[in-house]
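# An overview of the molecular structure
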Amino acid sequence: MSKPLVLYTAPTPNGHKVSIMLEELKAAYGNLDYDVENINLSTNVQKEPWFIAMNPNGRIPVLVDRSHPTAAQPNGFPIFETAAILLYLVQKYDKEGKFKFESGSDEESQMMQWIFFAHGGVGPMQGQSHHFRHYAPEDVPYGKKRYGDEVARLYGVLDIGLQGRDYLVGPGAGKLSVADLNVMPWVRLYKHAGVETLDAFPNLKAWLDRLLDREPVKSGLAVP
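Residues numbered from 1 in each chain as written. Predicted model: local features only at pLDDT ≥ 70, side-chain atom pairs only at ≥ 80, totals over all residues. Heavy atoms only, no water.

This next bit is on the overall build of the protein chain. Summing up its helical and strand segments, the protein chain has nine helices and four strands in all. On C-alpha atoms alone, the protein chain measures out to a radius of gyration of 18 Å, which is about the 17 Å that the 2.2 N^0.38 rule sets for 224 residues. Seen through its principal axes, the protein chain has C-alpha atoms that stretch 50 × 45 × 30 Å. Taking the contacts inside the protein chain whose residues are at least 6 apart along the sequence as the reference set, 67% of them involve residues at least 24 apart. For the protein chain, the exposed area adds up to about 10,900 Å²; of that, 52% sits on carbon and sulfur atoms. Here the protein chain holds 23 positive side-chain charges and 26 negative ones, and the gap between their average locations is 2 Å. (Helix = DSSP H or I, 4+ residues; strand = E, 2+ residues; numbered from the N terminus. Rg over C-alpha atoms; globule rule 2.2 N^0.38 Å. Contact = heavy atoms within 4.5 Å. Areas by Shrake-Rupley, 256 points an atom, 1.4 Å probe, with all protein chains shown as cover. Lys, Arg positive; Asp, Glu negative; His and termini not counted. Charge placed at Lys NZ, Arg CZ, Asp CG, Glu CD.)

Written as structure tokens, this is what we have:
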């Protein structure tokens, strides 16, 4: 029997953001389950017409909510762009606000600020660092240095944001929210980006260790 949600994904930071969010919601509420379709990016299946119909950008992840068929999408409502998927999930399935904040609150604004920071900064810059260090067809020292340095700078911003805190947003030491889960899968691959150690970012290092110790995070990282 089909489950309410199906995640089209691959073992990348963006893919893991969504699988971790799903596992956190499943652990918190116990009534959320989903199917997984493993997309082999090397075959360019994500550029085929059936996939483009779900995401015109031809990228993973895509989440399809089978419990919400529409006239245009009778098999379920598709959501693309990682942060949009995370926000959809907490808006629809996080009924007690365990991973989000009250609508219109300062904390909600702060959560959105960190989401946009990660979406416009950490992900693109770290992705470029990965490319020039591991996938470029020729050695480009300038590209390695430029994007490696920028990743380190962005980690410094996160380290400042985590000063005296366990999580990025929330009163006191904060609480785990979409703000954290939206950026952690990138930071987890810091060595792949050319940052050999997080010792210069002690708050970020402690935060990463804290998140990686969570069982739902471990489960999410195992998907697909």
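Here the narrative resumes.
A separate point is the pattern of salt bridges. Throughout the structure, instances matching the rule amount to 14 salt bridges. E23 is the partner of K26 in a salt bridge, and the nearest nitrogen-oxygen pair spans 3.5 Å. Within this pair, K26 and its partner E23 are both found in helix α1 (residues 13-29), separated by three residues, close to a single helical turn. Taking the relative accessible area as the measure of exposure, E23 reaches 11% and is therefore buried. (Salt bridge = Lys/Arg side-chain N within 4 Å of Asp/Glu carboxyl O. Buried < 20%, exposed > 50% of the residue type's maximum accessible area, 1.4 Å probe, protein only.)

Okay, the packing of aromatic side chains next. How two aromatic rings sit relative to each other is set out by the distance from centre to centre and by the angle between their planes. By the definition in use, this model includes seven aromatic pairs. Judged by centre distance (5.9 Å) and plane angle (55°), the rings of Y8 and W50 are tilted. Taken together, the residues Y8 in strand β1 (residues 5-9) and W50 in helix α2 (residues 49-52) connect sequence positions 42 residues apart. Aromatic pair W114 and F117: ring centres 5.4 Å apart, planes at 90°, arrangement edge-to-face. Residue W114 and its partner F117 are located together in helix α4 (residues 106-135), separated by three residues, close to a single helical turn. The ring of Y29 has K98 sitting right over it, with the charged end atom 5.7 Å from the ring centre. (Phe/Tyr/Trp six-rings, centres within 6.5 Å; stacked < 30°, edge-to-face > 60°. Lys NZ or Arg CZ within 6 Å of the ring centre and 35° of its normal.)

What follows is about the nonpolar core. Within the largest apolar cluster, 57 residues are counted, with the highest numbers of intra-cluster contacts made by M21, L22, L89, Y155, L158, L204 and W207. Take this core: its biggest share by element is eight residues, from helix α3 (residues 82-93). When sequence neighbours within four positions are dropped, the list of residues in contact with W207 reads L162, D166, Y167, D180, V183, M184 and V187. Membership of the second largest hydrophobic core comes to ten residues, among which are Y8, M54, I60 and V62. (Core = buried A, V, L, I, M, F, W, Y, C linked by side-chain atoms within 4.5 Å.)

With twelve residues, α3 extends 16 Å between its outermost C-alpha atoms, agreeing within 8% with the 16 Å of an ideal straight helix rising 1.5 Å per residue. Within α3, nine of the twelve residues are buried, which leaves the element mostly enclosed by the surrounding structure. All buried positions along α3 are accounted for by T82, A83, I85, L86, L87, Y88, L89, V90 and Y93. Considering only its buried residues, α3 is in contact with β1, α1, β3 (62-65), β4 (77-80), α4 and α6 (178-181). (Expected span 1.5 Å × (residues − 1).)

It is worth spelling out the side chain of T82 at this point. Looking at the element boundaries, T82 is found in helix α3. If we ignore the near neighbours within four places in the chain, the residues touching T82 are N14, K17, V18, P61 and H119.

Omega for the peptide link from I60 to P61 comes to 0°, which places this bond in the cis form. Of note, P61 is situated in the loop between α2 and β3. The omega torsion of the bond from V223 to P224 falls at -5°, within 30 degrees of zero and hence cis. As for its placement among the helices and strands, P224 is situated in the segment after α9 (215-221).

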